[in-house]
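Chain by chain, the residues run as shown.
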Amino acid sequence: MELFDVYSLYDIEPVRGEGSYVFTADGTRYLDLYGGHAVISIGHAHPQYVSAIAEQVSKLGFYSNSVRNSLQQTLAEKLGKASGYEDYRLFLCNSGAEANENAMKLASFVTGRSRILAFSKAFHGRTSGAVAATDNPAIVSPFNATDKVVFCPLDDISEAERLLSTGEFAAAIIEGIQGVAGIRVPSDEFMKALRELTKKYGTLLIADEIQSGYGRTGKFFAHQYNGIRPDLITCAKGIANGFPMGAVLISPAIEARKGMLGTTFGGNHLACAAAIAVLDVMESENLMENARRTGEYLLERLSALSRCPAVPGAGQNGQGGTLPLLDVRGRGLMIGFDVEGSGSELRKRLLFEKKIFTGGAGASTVRLLPALGITTGQADVFINALTELLRNK
Ligand SMILES: Cc1ncc(COP(=O)(O)O)c(C=O)c1O
């Protein structure tokens, strides 16, 4: 049997990881500024994480949600404390798409409404409801397409009000920072207004923090920069450092009903052991603060690079202009920048010539989503490699 060929692969196979590095079988080391798509939060093969999973699987790897599982409670308490949402309740599932699916379903149950407001260029996953909230026709099949989801341009407050004022919307779903769209940070004014408008028109606000959450931006959730509290918050990716897990944080105003949501694998013993280890390491190694500081450093260095002369030694506006690097943006360790020409060509050269993994988005954007413990020294290695490539060396 062959694999169903849906991924554009690099011809490279990491077989081992350590911190912010991965290695191929021949021992070649790669600096990982992609974090396996924002998934690696505490670093590859962190010893505390490895032993927590090994110990748990040697005791009990899985039992169903028909019995008590105190690991879920431990995780809920730690997550409440780490995120500042101690009064919310936790529902555990297996992926980001599933978390969004459950959040939208919950909003529909609670409000009795069936429409969802989503935003242009958003990405919320590939299951039926989640993909319908994504306005990329290439990934929405006729089965998934629905007029129950309506799209509004990001940052367009008056269009959001026009739609919400119909009173038809169960939820508005918005990424803390849009990731797949190429790192688009919604304005503070817009996020605050959206919170107020959703309250005013009886719509629940879902913050999709699957990529932007879990400490990546330097706060636990990106929406905490806007000083708002959504009704539902979805998490996945970094939550268990690569062990599949998703979560929905649910406001105290929403009542649970038996059987309302459910899953076989969600919140299983192994996933919980992995997620508890992640929060413990994040706290003991102060990783969120490191993400804030090192992210700021990377953003500053990238911005400086965008003003740098293309020809070394030339004046800023001298012969040859500046390096072909445009529009650096992001927060903490969720960073995007555009290049003149092909972003994927640049990423290929970074990987094969400089041994550095990065992420992409669209034709010309490079995304950086490294583990939260990345050092300024590793950031410098990247900046130097990027400078050389942009100078076409
Ligand atoms: C913001 C956001 N939401 C949802 C998802 C879907 O998560 P998963 O692939 O775990 O289903 C992603 C994945 O990239 C994402 O970035």
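Throughout this document, residue positions are counted from 1 along each chain, in the order its sequence is written. Side-chain atom pairs in this predicted model are given and counted only at pLDDT of 80 or more, local residue features only at pLDDT of at least 70, and totals for whole chains, interfaces and linings cover all residues.

A separate point is the overall build of the protein. Along the backbone of the protein there are 11 helices and 15 strands. The atom set for the radius of gyration is the C-alpha atoms, and the globule formula is 2.2 Å times the number of residues raised to the power 0.38. Here the C-alpha atoms of the protein give a radius of gyration of 21 Å, agreeing with the 21 Å that 2.2 N^0.38 yields for 393 residues. Taken along its principal axes, the extent of the C-alpha atoms in the protein is 65 × 55 × 45 Å. Neighbour counting defines burial: a residue surrounded by 20 or more other C-beta atoms within 10 Å of its own C-beta is buried, one with 12 or fewer is exposed, and intermediate counts give partly exposed, using backbone-placed C-beta atoms. Within the protein, the fraction of its 393 residues that count as buried is 47%. A run of H or I in DSSP counts as a helix once it spans at least four residues, and a run of E counts as a strand once it spans at least two, with each numbered from the N terminus.

Turning our eyes to something else, we now look at the environment of A52. Mapped onto the elements, A52 comes out in helix α2 (residues 47–59). Residues A52 and G262, spaced 210 residues apart in sequence, show a C-alpha to C-alpha distance of 26 Å. Contact definition: two residues whose C-beta atoms, as placed from backbone geometry, lie within 7 Å. Apart from residues lying up to four places away in sequence, A52 is in contact with A273, A274, I276 and A277.

Moving on to the sheet that holds strand β3 (residues 29–32). Ordered in space as β1-β2-β3-β13, the 4 strands form an open sheet in which the pairing is mixed. Lying at the two open borders of the sheet, with one neighbouring strand each, are β1 (14–18) and β13 (356–357). As paired elements, strand β2 (residues 21–24) and β3 share 3 bridges and run antiparallel to each other. Each residue of the ladder has a partner; that of F23, found in β3, is R29. By definition, two strands form a pair when at least two bridges between them are found by DSSP.

What follows covers the pairing of strand β8 (residues 204–208). Across the 5 residues that make up β8, a large majority, 5, are buried. Side chains L204, I206 and D208 of β8 all project onto a buried face; the interleaved residues L205 and A207 project onto the opposite face, where all are buried too. For crossovers, right-handed means that the path from the first strand over the helix to the second runs clockwise, given strands pointing away from the viewer. Regarding topology, helix α7 (residues 188–200) serves as the crossover connection from strand β7 (residues 169–175) to the parallel β8, and that connection is right-handed. As defined by bridge partners, β8 adjoins strand β9 (residues 232–235) across 3 bridges and the pair is classed as parallel. Residue pairing in the sheet places D208 in a bridge with T234 of β9.

Right, let's talk about the packing of helix α9 (residues 287–306) against helix α11 (residues 376–390) for a bit. Orientation is described by lines fitted to C-alpha atoms, with helices fitted over the stretch in contact, and by angles between N-to-C directions that extend from 0 to 180 degrees. In the contact formed by α9 and α11, the axes pass within 10 Å of each other and the chain directions differ by 20°. With respect to their mutual orientation, α9 and α11 come out roughly parallel. α11 is crossed by α9, and the crossing has right-handed handedness. Packed against α9, whose contacting residues are T294, Y297, L298, R301 and L305, the element α11 presents T376, A379, I383, L386 and T387 at the interface. When residues are sorted by character, Ala, Val, Leu, Ile, Met, Phe, Trp, Tyr, Cys and Pro go into the nonpolar class, Asp, Glu, Lys and Arg into the charged class, and all the rest, Gly among them, into the polar class. Classifying every residue of the contact of α9 with α11 gives 6 nonpolar, 3 polar and 1 charged. Should an angle fall under 35 degrees it is called roughly parallel, over 145 degrees roughly antiparallel, and 65 to 115 degrees roughly perpendicular, with every other angle called oblique. Each helix crossing is assigned a hand: it is left-handed if the near helix lies turned anticlockwise from the far helix by less than a right angle, otherwise right-handed if that turn is clockwise.

Any residue qualifies as near a molecule or strand once its backbone-derived C-beta atom lies within 6 Å of it. Neighbouring residues of the ligand: 14 residues in total, closest S95, G96, A97, G125 and Q211. Of the residues forming the shell around the ligand, the biggest block, 3 residues, is contributed by helix α4 (residues 96–111). Residues of the shell around the ligand, tallied by class, amount to 5 nonpolar, 7 polar and 2 charged.

Further remarks concern the sheet that holds strand β15 (residues 365–368). The strand order across the open sheet formed by 4 strands is β11-β12-β15-β14, and the pairing between neighbours is antiparallel. The sheet is open, and its two edges are formed by β11 (325–331) and β14 (359–361), each paired on a single side. Between one strand axis and the next, the sheet turns by 25° as a mean value, whatever way the strands run. The strands touched by α9 are β11, β12 (334–339) and β15; relative to β11, the strand with the most contacts, the crossing angle is about 165°.

It is worth spelling out the domain arrangement of the protein at this point. Where a domain begins and ends is set by an automatic assignment or by a domain database. Annotation of the protein at the domain level lists domain 1 (47–284) and domain 2 (288–338 + 349–368 + 389–393). Spacing between the C-alpha centres of domain 1 and domain 2 amounts to 30 Å. Of the residues belonging to the side of domain 1 that touches domain 2, the class tally is 9 nonpolar, 5 polar and 1 charged.

The term nonpolar core means buried Ala, Val, Leu, Ile, Met, Phe, Trp, Tyr and Cys residues held together as one set by C-beta atoms within 7 Å. Ranked by size, the top nonpolar core spans 112 residues in total, and within it I206, A275 and V278 carry the most contacts. The element contributing the most residues to this core is helix α8 (residues 269–284), with 12 residues. Two domains each put at least three residues into this core: domain 1 (47–284) and domain 2 (288–338 + 349–368 + 389–393).

What follows concerns unusual backbone geometry. Within the chain, K121 stands out as a residue other than glycine whose phi angle is a positive 70°. Along the chain, K121 turns up in the loop between β5 (115–119) and α5 (128–132). At K237, a residue that is not glycine, the phi angle is positive and equals roughly 35°. Topologically, K237 is positioned in the loop between β9 and β10 (246–250).

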